[in-house]
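# Understanding the architecture of this molecule
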Protein chains: 2
Amino acid sequence: MPEPTLTLGQTLAKVPIFSGLTESELSFLAQRAVTRNYSAGQSVFGEGEPCSGLYVVESGHVRIFKSSANGREQVLSIDGPGSSIAELPVFDGGSYPASVTAIDDATLLFVSKQDFQALCLAHPQVALKVLRVVGARLRRLVGIIEELSFTTVRHRLASFLLRHAQKEGKRSASGVEITLPTSNQELASHIGTVRELVSRNLSRLQAEGMLKIDGRTVTIFNLKALEAETDSPD
Amino acid sequence: MPEPTLTLGQTLAKVPIFSGLTESELSFLAQRAVTRNYSAGQSVFGEGEPCSGLYVVESGHVRIFKSSANGREQVLSIDGPGSSIAELPVFDGGSYPASVTAIDDATLLFVSKQDFQALCLAHPQVALKVLRVVGARLRRLVGIIEELSFTTVRHRLASFLLRHAQKEGKRSASGVEITLPTSNQELASHIGTVRELVSRNLSRLQAEGMLKIDGRTVTIFNLKALEAETDSPD
DNA sequence: CCATGCCGATGACTTTTGTCACGGAGGGCA
DNA sequence: TGCCCTCCGTGACAAAAGTCATCGGCATGG
């Protein structure tokens, strides 16, 4: 019979909030963590469900979002390997504040509330690490609020494109090439609007000569010009 | 010469994140905390400033908000005695994500980053408490995002009124009486819009017979009817 | 090969939001 | 009393957001 504990421990060591733990501490955790597999699109948990513990993404990606009564969705975060999710509701005793689904086939590790709290008490550094990643999460949420409250769909679309250009953009002959999310609907729920407005605003940016759309590939001709869109209110 | 350490310690003991500490631990903290006084309207710190430590509200109230290039503001939270603010940027090393000003004359305690981190390492329970209050903060932010992304100004106004009716509303002859913030401008920045829309929507709700406005006092005739406004998109 | 379904684009329209400008009420304060 | 100053309420617009319906492409699967 194979011993999975060690490989699990190695995986855990790569997770920011668990980095710096000794090998024995990692295996303590590994013995308690449960591996769960999800297929693309499958729900991990829904908003409002009682919180039983936290998850760590081992492989694949998850989508954290809120959904509204009339079918709209607002994506709060997309997280990949190494990210922990639902670290917070673990502590305040409430339910999950948002829903999470797997985007692609994904493997998550589940750590129960009790085990995690015990770990934090035994190893204060873990709690500090959690606070660090939670800080980043809070910044992102405040950023979303800022964009929703102050800017137009056009601005938010431009910001979105620029963010992705910086992260995964490839320089090509005429500019920077990026790949859009799977559908306009999905893009819309990232920037807090509806399909049609994404479509229209993309067309408009293209018509204005700032970029070229080819299927799911967008080539941005002039980063500066697009940045100017995100600057001032008009 | 009076010894202020003990009274400071008593104040600290009332702060949720420090509850449960022993007296000696409290005085350890009290020796390091700095009392700072602010007059109404004075800035505590501005968004983007490097984060040097966290604050605890001893008396008075503070306003945490983001401001935009064109002069609009979005309030993220109002906090009173016992609340801690900027707990998070202390840990992730970044700058303050939002600005804070005193609403009324206020006294805050300042605890430096270093002292607080040391405290968390020495007393893991403190870190867990911090995580708990931060959890609540995160929930509030997600709630703001939800409202901004999914609902109209009218909905948000109705929600705002209902929230305040539940908290500080007094039953009167014809319904529930609440007192609005100092100005419509302020109310607007709470619900993410501008002065004029607050004014118009309030008038409209009054015209529809759901409430009566008398200066800064609003009497809600029918809570159910107002709740219906916050329910479905239309 | 065709039927079906999903997705994108787009026109037409409504609603909501935001901006600008103005007038007026009320509160200090000289 | 008369003069600021701030804030509120409104009308008139302009711009943005959202809704509805339609058309066409493209892939999938019988």
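Residues numbered from 1 in each chain as written. Chains lettered and ligands numbered in written order. Predicted model: local features only at pLDDT ≥ 70, side-chain atom pairs only at ≥ 80, totals over all residues. Heavy atoms only, no water.

## With respect to the protein's contact with DNA strand C
- The environment of DNA strand C is made up of 16 residues, and the closest members are Asn184 of chain A together with Thr152, Val153, Thr193 and Arg200 of chain B.
- One of the side-chain nitrogen or oxygen atoms of Ser203 of chain A is found 3.1 Å away from a phosphate oxygen of DNA strand C.
- Those elements that provide at least two residues to the surface near DNA strand C are α8 (195-207) of chain A together with α8 (195-207) of chain B.
- Of the residues in the surface near DNA strand C, the class split is three nonpolar, six polar and seven charged. (Near = heavy atom within 4 Å. Polar contact = N/O pair within 3.5 Å; in protein donor to acceptor, adjacent residues only side chain to side chain. Helix = DSSP H or I, 4+ residues; strand = E, 2+ residues; numbered from the N terminus. Nonpolar A, V, L, I, M, F, W, Y, C, P; charged D, E, K, R; others polar.)

## Re the sheet that holds strand β4 (residues 62-67) of chain A
- Ordered by their spatial adjacency, four strands build an open sheet running β2-β7-β4-β5 (chain A), and the pairing between neighbours is antiparallel. Strands with a single pairing partner mark the edges of an open sheet, and in this sheet they are β2 (43-45) and β5 (73-79) of chain A. Put simply, the sheet's adjacent strands are angled 30° from each other on average, direction ignored.
- Where β2 of chain A meets strand β7 (residues 99-102) of chain A, two bridges bridge the pair, whose relative direction is antiparallel. Bridge assignment links Phe45 of chain A to a residue of β7 of chain A, and that residue is Val100 of chain A.
- Each of β4 and β5 of chain A is contacted by helix α7 (residues 184-191) of chain A, which is oriented at about 90° to β5 of chain A, the strand it contacts most.
- On top of the sheet, helix α5 (residues 124-150) of chain B reaches β4 and β5 of chain A; it is set at about 135° to β5 of chain A, its chief contact. (Pairing = 2+ DSSP bridges. Axes fitted to C-alpha atoms, helices over the stretch in contact; angles between N-to-C directions. Contact = heavy atoms within 4.5 Å.)

## Observations concerning the interface of chain B and chain A
- Listed as interface residues are 44 residues of chain B and, on the opposing side, 44 residues of chain A.
- Carbon and sulfur atoms supply 76% of the area that chain B and chain A bury against each other, a total of about 3900 Å² over both sides.
- Contact with chain A buries surface across chain B, with Leu131, Arg139 and Phe150 of chain B losing the most and accounting together for 18% of the total.
- For the interface between chain B and chain A, the tally reads four salt bridges.
- Across the pair Asp92 of chain A and Arg139 of chain B runs a salt bridge, and its minimum N-O distance is 2.7 Å.
- Taken together, the connections running from chain B to chain A amount to 12 residue pairs in polar contact (both at pLDDT 80 or more).
- Among the elements of the structure, β4 (62-67), β5 (73-79), α3 (89-92), α4 (113-122) and α5 of chain B are those that each provide at least two residues to the side of chain B that touches chain A.
- Top element by residues in the side of chain B that touches chain A is α5 of chain B. It accounts for 21 residues.
- Taken together, the residues of the side of chain B that touches chain A break down into 24 nonpolar, 11 polar and nine charged. (Buried area = accessible area lost by both parts, 1.4 Å probe. Salt bridge = Lys/Arg side-chain N within 4 Å of Asp/Glu carboxyl O.)

## Observations concerning helix α7 (residues 184-191) of chain B
All names here are of chain B.
- For α7, the buried fraction is high: six of the eight residues fall into the buried class.
- Within α7, the full set of buried residues consists of Asn184, Glu186, Leu187, Ala188, Ser189 and Ile191.
- Elements in contact with the buried residues of α7: β4, β5, α5, α6 (153-168) and α8.
- A side-chain oxygen of the first residue of α7 lies 3.3 Å from the backbone nitrogen of Gln185; this N-cap is Ser183. (Buried < 20%, exposed > 50% of the residue type's maximum accessible area, 1.4 Å probe, protein only.)

## Here we look at the side chain of Thr219 of chain B
Residue and element names in this part refer to chain B.
- Looking at the element boundaries, Thr219 is found in strand β12 (residues 217-220).
- Assessed through its relative accessible area of 7%, Thr219 is described here as buried.
- Apart from the residues within four sequence positions on either side, Thr219 is in contact with Ser172, Ser174, Gly175, Val176, Glu177, Met210, Leu211 and Lys212.

## Some words on unusual backbone geometry
- For Ala86 of chain A, which is not a glycine, the phi torsion comes out positive at approximately 60°.
- Within the secondary structure layout, Ala86 of chain A lies in the loop between β6 (84-85) and α3 (89-92).

## Re the packing of aromatic side chains
- All told, the structure shown has 10 aromatic pairs over all chains when counted by the stated rule.
- Here the aromatic rings of Phe18 of chain B and Phe116 of chain B are separated by 6.2 Å at their centres, their planes lie at 80°, and the arrangement is edge-to-face. Placement of Phe18 of chain B in the loop between α1 (5-13) and α2 (23-32) and of Phe116 of chain B in helix α4 is noted, with a sequence separation of 98 residues between them.
- One aromatic cluster in this structure is built from Phe45, Tyr55, Tyr96 and Phe110 of chain A.
- Across from the ring centre of Phe28 of chain A, 3.9 Å away, lies the NZ or CZ of Arg32 of chain A, which sits over that ring.
- Directly above the aromatic system of Phe110 of chain A lies the positively charged group of Arg36 of chain A, at a separation of 4.2 Å from the ring centroid. (Phe/Tyr/Trp six-rings, centres within 6.5 Å; stacked < 30°, edge-to-face > 60°. Lys NZ or Arg CZ within 6 Å of the ring centre and 35° of its normal.)

## Notes on the relation of the copies chain B and chain A
- Structural alignment of chain B on chain A gives an RMSD of 0.1 Å, achieved by rotating through 180° and translating 0.0 Å along the axis. Expressed as an axis order, the relation between the two copies is that of a two-fold axis.
- Interface overlap between copies is the fraction of interface residues in one copy that are interface residues in the other; for chain B against chain A it reaches 100%, indicating a shared surface. (Least-squares fit on C-alpha atoms with pLDDT ≥ 70 in both.)

## Focus: the domain arrangement of chain A
Residues and elements named next belong to chain A.
- Split into domains, chain A comes out as domain 1 (5-149) and domain 2 (152-231).
- On the domain 2 side, the residues contacting the eight residues of domain 1 number 10 residues.
- Here domain 1 packs against domain 2, burying approximately 760 Å² in sum over the two surfaces, 43% of which is carbon and sulfur.
- At the boundary of domain 1 with domain 2, the tally comes to two salt bridges. (Domains from an automatic or database assignment.)

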